[in-house]
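Structure at a glance
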Amino acid sequence: MAFVFLTPIFDVLNNNMNLPLLLDKTFSTKNYTKTFLPKAEYDNCSFIDCDFSNADVSNISFLECEFIDCNFSNANIKHTTFNNVKFNNCKLLGLHFHDCNDFLLSFTFNSCSLNLASFTNLNIKDTPFLNCNLQQVDFTKTNISKATFTDCDLKNAVFENTNLEKADLRSAINYSINPEINNINQAKFSKEQIFGLLNTYNIIIE
């Protein structure tokens, strides 16, 4: 008789069987810029008003966690897992999301500052960006099909070979998207911001 052993999802996500598992914990007003967040698998945990700026949170798993009023700016998130994670009113400036573990990568951003962040080469379709600053964010070769950009500022965001199919940008502002090098099939745009699709043609719209 053959036996089949299934690897736990946590081990697949982190590729490390020695990390402890922390469930249903709340962490408030913690400063992880000097004291490192312990390497672990955090499941259904809440982080409130915590400072991760310039901190090392690499090789950590966050599963169904929520971050509220946290600062992740310029943190090291190499091989970090974000699976079904919610960011609310967080600073995420300059984050290299392309360095994350891309297995089951999924998150929601609500009222966050993501300026200068990078999502290059990631598959993050269906991602909700709600009331976010996304200035100079790099979406090169990113699959953001069916993503929602509600009341988002996309000034100088980079779209190159980006999949925007069925994405909703009707309330987004300041974007510049070249239809010739991006997939915008069935994407939704507002009439007021339609010039954002015509910038590359050097025409005058009055």
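Residues numbered from 1 in each chain as written. Predicted model: local features only at pLDDT ≥ 70, side-chain atom pairs only at ≥ 80, totals over all residues. Heavy atoms only, no water.

Of the regular secondary structure elements, the chain holds 1 helix and 12 strands. Each helix and strand of the chain, ordered N terminal to C terminal, gives the series α-β-β-β-β-β-β-β-β-β-β-β-β. Buried positions account for 43% of the 206 residues belonging to the chain. Summed over all atoms, the accessible surface of the chain reaches about 11000 Å², with 47% contributed by carbon and sulfur. (Helix = DSSP H or I, 4+ residues; strand = E, 2+ residues; numbered from the N terminus. Buried < 20%, exposed > 50% of the residue type's maximum accessible area, 1.4 Å probe, protein only. Areas by Shrake-Rupley, 256 points an atom, 1.4 Å probe, with all protein chains shown as cover.)

Bringing the pairing of strand 8 (residues 101-110) into the picture now. The sheet contact formed by strand 7 (residues 81-88) and strand 8 spans 6 bridges and is parallel. Counterpart to Thr81 in the pairing with strand 8 is Asn101. Across 2 bridges, strand 8 lies against strand 9 (residues 128-130) in parallel orientation. Bridge assignment links Asn110 to a residue of strand 9, and that residue is Leu130. (Pairing = 2+ DSSP bridges.)

For strand 7, the tally of buried residues reaches 6 of 8 residues, placing the bulk of the element in the interior. Relative to strand 7, strand 6 (residues 66-68) runs parallel, the two sharing 3 bridges. When the sheet's bridge partners are listed, Ile68 is paired in strand 7 with Asn88.

Moving on to the side chain of Thr120. Secondary-structure assignment places Thr120 in the loop between strand 8 and strand 9. Of note is the side chain of Thr120, whose polar atom sits 3.4 Å from the side chain of Ser118. Look past the residues within four positions of Thr120 in its chain and what remains in contact with it is His98, Asp138, Thr140 and Thr142. (Polar contact = N/O pair within 3.5 Å; in protein donor to acceptor, adjacent residues only side chain to side chain. Contact = heavy atoms within 4.5 Å.)

Quick look at the environment of Phe159 now. Locating Phe159 in the fold gives a position in the loop between strand 10 (148-150) and strand 11 (168-169). It is 9.7 Å that separates the C-alpha atoms of Phe159 and Thr120, two residues lying 39 residues apart in sequence. Not counting chain neighbours up to four residues away, the residues in contact with Phe159 comprise Phe139, Ile144, Leu154, Leu164, Ser176, Ile177, Ile181 and Asn182.

The topology assignment puts Leu93 in the loop between strand 7 and strand 8. Excluding its chain neighbours within four sequence positions, the residues that come into contact with Leu93 are Ser73, Asn74, Ser113, Leu114 and Asn115.

Among the nonpolar cores identified, the biggest contains 57 residues, and Phe47, Leu114 and Phe119 are the most heavily contacted of them. Counting residues per element, the ones that place at least two in this core are strand 7 and strand 8. Apart from the residues lying within four places of it in its own chain, the contact partners of Leu114 are Leu92, Leu93, Phe97, Phe109, Phe119, Phe129, Cys132, Asn133, Leu134 and Val137. (Core = buried A, V, L, I, M, F, W, Y, C linked by side-chain atoms within 4.5 Å.)

Bringing the environment of Tyr32 into the picture now. Within the secondary structure layout, Tyr32 lies in the loop between strand 2 (26-28) and strand 3 (41-43). Taking the relative accessible area as the measure of exposure, Tyr32 reaches 7% and is therefore buried. Setting aside its immediate chain neighbours within four residues, Tyr32 contacts Phe27, Leu37, Cys50, Asp51, Phe52 and Ala55.

Across all of its chains, the model carries 2 salt bridges by this definition. One salt bridge connects Asp56 with Lys39, and the closest N-O pair in it is separated by 3.8 Å. Placement of Asp56 in the loop between strand 4 (46-48) and strand 5 (61-63) and of Lys39 in the loop between strand 2 and strand 3 is noted, with a sequence separation of 17 residues between them. For Lys39, a relative accessible area of 34% gives the class partly exposed. The residue Arg170 makes a salt bridge to Asp168 at a minimum N-O spacing of 2.7 Å. In this structure Arg170 comes out as partly exposed when scored by relative accessible area, which is 47%. (Salt bridge = Lys/Arg side-chain N within 4 Å of Asp/Glu carboxyl O.)

Here we take up the packing of aromatic side chains. The tally for this structure, following the rule as stated, stands at 32 aromatic pairs. Ring centres 4.9 Å apart and planes at 5° place the aromatic pair Phe129 and Phe149 in the stacked group. Within this pair, whereas Phe129 is found in strand 9, its partner Phe149 is found in strand 10, the two being separated by 20 residues in sequence. Pair check on accessibility: Phe129 and Phe149 agree, each one buried. (Phe/Tyr/Trp six-rings, centres within 6.5 Å; stacked < 30°, edge-to-face > 60°.)

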